[in-house]
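The lines below spell out each chain.
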Amino acid sequence: MATEVLVPLAGSIWEILVEVGDTVEEDDELLVIEALKMENLVYAPCDGTVSEIRVKKGDTVEDDDVLMLIKE
Amino acid sequence: MVFFDNMGLMALTPGMVFMWLIGLTLVYLAITKQYEPLLLLPIGFGIVITNLPLTYLMEPGEGLIWRFYHYGIEWEIIPPLIFLGLGALTDFGSLLAQPRLIFLGAAAQVGVYVTFFIAYTMGFSLQEAATIGIIGGADGPTTIFLASKLAPQLLGACAVAAYSYMALVPMIMPPIMKLLTTDTERKIRMKKGRKVSSREKLFFPLIAAMVIILLVPASAPLIAMFMLGNLFRESKVVERLNEVSQNALMNIVTIFLGLSVGATMNADVFLRKEVIFIFFLGLFAFMISTASGILLAKFMNLFTQNKINPLVGAAGVSAVPMAARVVQKVGAEADKKNYLLMFAMGPNIAGVIGTVIAAGIFISILK
């Protein structure tokens, strides 16, 4: 069962801190979204393994877009 | 001997030297701490230059910087042009998604009016008191605009106070925000607003300009230019005008704004005890505005299911987008997965408009 990581606030992808296959724990830092010249961290919603990353650095993202999938 | 008599050194006064220190301090803070460098750097330099004797730079009718000041600020050209750029930079989406947050931007004007009455009872004239109060709105161009109309003698001091407090937003606001909210309130996660269509965003500047100017005609120079800039942005057909308004034009007029504001601050005008009061009253206004936004948000929560995180109310002081960033930071300290930034932008932008309206009301009553 994969959990979707959603965009918490619109902006652009500043940096991706994990790779597909990485094991993450809940609240680990996944990526950074830049909005209004401010870097905002996005955290893992659950424990698991990163199974898919749907964005790349520089992408513009809207509220509730799917950033990546985490397999529990 | 004529050469010696014409040398600036001979006409130097201790007050001028003291003003150099103030000017150089602003330059220093702009460079090392990056406190509002785009403004405080030219302002600081302007202060130093205007306090070099016998230059006649601010001599009415002939001085170079006087011309910038006279045609740019006294003629009310520069602040409205800055507003054109701000309008082009502003995305009203976060406000339109949650229109109720407009009230928080309005609440933050309480500091303006409270300070206006206090300054008046302290002996400032009505016009001066209004100019000091508007510092609480934390909006530089509006403060300069109002000062040039009502109390030009206070323009330099009020502008420097406004820009200094905007630079100090990350230090002034958090203690007030923490004092007035509980940990549970800071953790409130807000529900996302509705999607805003591009058609709404297109109609908004047109309708807002007409409604606001019909109600408060004296706010027209700033509001008209702001909404025109926003129309450039949202119409999507004049990308060149949009781009030049938010970048090149705004940067150019900022140079003249900073330099002329700094140059109004000669030692005779600035080194008076009233100026100290202006700085204290300005800070007070700013703090009251921060607090009143928070308190209104808490009050609104009494009547609504869809709770507002009261921190967002603090962003009602203009200072775009620094105030919104501070809200995001303080919110994330309580709950790192809480993203308040975009919610805070709503009251933040409403605060800009609110401050312009407050200034317009002052002008129509006191001018």
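Residues numbered from 1 in each chain as written. Chains lettered and ligands numbered in written order. Predicted model: local features only at pLDDT ≥ 70, side-chain atom pairs only at ≥ 80, totals over all residues. Heavy atoms only, no water.

Some words on the pairing of strand β8 (residues 66-71) of chain A
Look at any regular strand and the pattern is simple: side chains alternate between the two faces of the sheet.
All names here are of chain A.
In step 1: Along β8, 5 of the 6 residues are buried, which leaves the element largely enclosed by surrounding structure.
In step 2: Across 5 bridges, the pairing between strand β1 (residues 2-6) and β8 is antiparallel. Each residue of the ladder has a partner; that of Val-5, found in β8, is Met-68. (Buried < 20%, exposed > 50% of the residue type's maximum accessible area, 1.4 Å probe, protein only. Helix = DSSP H or I, 4+ residues; strand = E, 2+ residues; numbered from the N terminus. Pairing = 2+ DSSP bridges.)

Focus on the interface of chain A and chain B
In step 1: The partner chain B presents 10 residues to the 18 residues of chain A that form the contact.
In step 2: Between chain A and chain B, roughly 1,300 Å² of surface is buried when both sides are summed, and carbon and sulfur atoms account for 66% of that area.
In step 3: The largest per-residue losses of area from chain A upon contact with chain B belong to Leu-36, Met-38 and Tyr-43 of chain A, which jointly make up 46% of the total buried on that side.
In step 4: For Lys-192 of chain B, the salt bridge identified is with Asp-64 of chain A, shortest N-O distance 3.6 Å.
In step 5: Counting every contact that joins chain A to chain B gives 6 residue pairs in polar contact (both at pLDDT 80 or more). (Contact = heavy atoms within 4.5 Å. Buried area = accessible area lost by both parts, 1.4 Å probe. Salt bridge = Lys/Arg side-chain N within 4 Å of Asp/Glu carboxyl O. Polar contact = N/O pair within 3.5 Å; in protein donor to acceptor, adjacent residues only side chain to side chain.)

Observations regarding the sheet that holds β8 of chain A
Residue and element names in this part refer to chain A.
In step 1: The 4 strands lie next to each other as β1-β8-β6-β3, forming an open sheet whose pairing is antiparallel. Both edges of this open sheet fall to β1 and β3 (23-24), since each of them pairs with a single strand only.
In step 2: Judged from the 2 bridges that link them, β3 and strand β6 (residues 48-53) form a sheet pairing that is antiparallel. Paired with Thr-23 across the strands is Thr-49, a residue of β6.

A look at unusual backbone geometry
All names here are of chain B.
In step 1: Put simply, Val-320 and Pro-321 share a cis peptide bond, and its omega is -10°.
In step 2: With respect to the secondary-structure elements, Pro-321 resides in the loop between α18 (273-301) and α19 (322-334).
In step 3: Of note, the phi angle at Leu-54 is positive, near 65°, even though the residue is not glycine.
In step 4: Along the chain, Leu-54 falls in the loop between α3 (37-50) and α4 (64-74).
In step 5: One non-glycine residue, Tyr-56, adopts positive backbone phi at about 60°.
In step 6: You can see Tyr-56 is positioned in the loop between α3 and α4.

Examining the environment of Ile-82 of chain B
Residues and elements named next belong to chain B.
In step 1: Mapped onto the fold, Ile-82 is located in helix α5 (residues 78-89).
In step 2: Spatially, the C-alpha atom of Ile-82 lies 30 Å from that of Ala-297, the residues being 215 residues apart in sequence.
In step 3: Excluding residues that lie within four positions of it along the chain, Ile-82 makes contacts with Pro-141, Met-250, Val-253, Thr-254 and Leu-257.

Observations regarding helix α12 (residues 169-180) of chain B
The periodicity of an α-helix, 3.6 residues per turn, causes residues three or four places apart in sequence to face the same way.
In step 1: Relative to the 16 Å expected for 12 residues at 1.5 Å per residue, α12 of chain B spans 17 Å between its end C-alpha atoms, a close match to the ideal helical length.
In step 2: In this structure, the buried side of α12 of chain B is in contact with α11 (155-167), α13 (183-186), α18 and α19 of chain B. (Expected span 1.5 Å × (residues − 1).)

Notes on the environment of Leu-17 of chain A
All names here are of chain A.
In step 1: Locating Leu-17 in the fold gives a position in the loop between β2 (11-16) and β3.
In step 2: Under the relative-accessibility criterion, Leu-17 is labelled partly exposed at 36%.
In step 3: The spatial distance from the C-alpha of Leu-17 to the C-alpha of Asp-28 is 9.8 Å, given a sequence separation of 11 residues.

Overview of the pattern of salt bridges
In step 1: The final tally for this structure, using the stated rule, is 15 salt bridges over all chains.
In step 2: A salt bridge links Lys-178 of chain B to Glu-333 of chain B; its shortest N-O distance comes to 3.1 Å. Linking Lys-178 of chain B in helix α12 with Glu-333 of chain B in helix α19, this pair joins segments that are 155 residues apart in sequence.
In step 3: Given the relative accessible area of 37%, Lys-178 of chain B is considered partly exposed.
In step 4: The salt bridge partner of Asp-183 of chain B is Arg-186 of chain B, with a shortest N-O separation of 3.9 Å. Here the residue Asp-183 of chain B and the residue Arg-186 of chain B both occupy positions in helix α13, the gap between them amounting to 3 residues, near one helical turn.
In step 5: According to the relative accessible area criterion, Asp-183 of chain B is partly exposed, its value standing at 37%.
In step 6: The network of salt bridges with shared partners includes Glu-26 and Asp-27 of chain A together with Lys-337 of chain B.

A few points about a nonpolar patch on the surface
In step 1: Nonpolar side chains collect at one region of the surface, where Phe-203, Leu-206, Ile-207, Val-211 and Leu-215 of chain B lie side by side and expose about 490 Å² of accessible area between them.
In step 2: When its relative accessible area of 49% is taken as the criterion, Ile-207 of chain B is described as partly exposed. (Patch = residues over 30% accessible without salt bridge, like charges linked within 9 Å, V, L, I, M, F, W, Y side chains within 5 Å. Areas by Shrake-Rupley, 256 points an atom, 1.4 Å probe, with all protein chains shown as cover.)

So, the pairing of strand β4 (residues 29-35) of chain A
All names here are of chain A.
In step 1: Among the 7 residues that make up β4, 6 are buried, leaving the element largely enclosed by the rest of the structure.
In step 2: Where β2 lies against β4, 4 bridges are found, and the strand directions are antiparallel. Paired with Glu-15 across the two strands is Val-32, which belongs to β4.
In step 3: Linking β4 back to strand β5 (residues 38-43) in an antiparallel pair, the connection comprises 2 residues, with Leu-36 at a positive phi of about 50°.

Quick look at the packing of helix α9 (residues 126-133) of chain B against helix α10 (residues 140-150) of chain B
Residues and elements named next belong to chain B.
In step 1: The geometry of α9 relative to α10 is characterised by a closest axis approach of 9 Å and an angle of 175° between their N-to-C directions. Classified by the angle between their axes, α9 and α10 sit roughly antiparallel to one another. Taking contact as the criterion, the partners of Gln-127, Ala-130 and Thr-131 in α9 are, on α10, Leu-146, Ala-147 and Leu-150.
In step 2: Here the contact of α9 with α10 is composed, by residue class, of 4 nonpolar, 2 polar and no charged. (Axes fitted to C-alpha atoms, helices over the stretch in contact; angles between N-to-C directions. Parallel < 35°, antiparallel > 145°, perpendicular 65-115°, else oblique. Nonpolar A, V, L, I, M, F, W, Y, C, P; charged D, E, K, R; others polar.)

That's the geometry; what it means functionally is another story.
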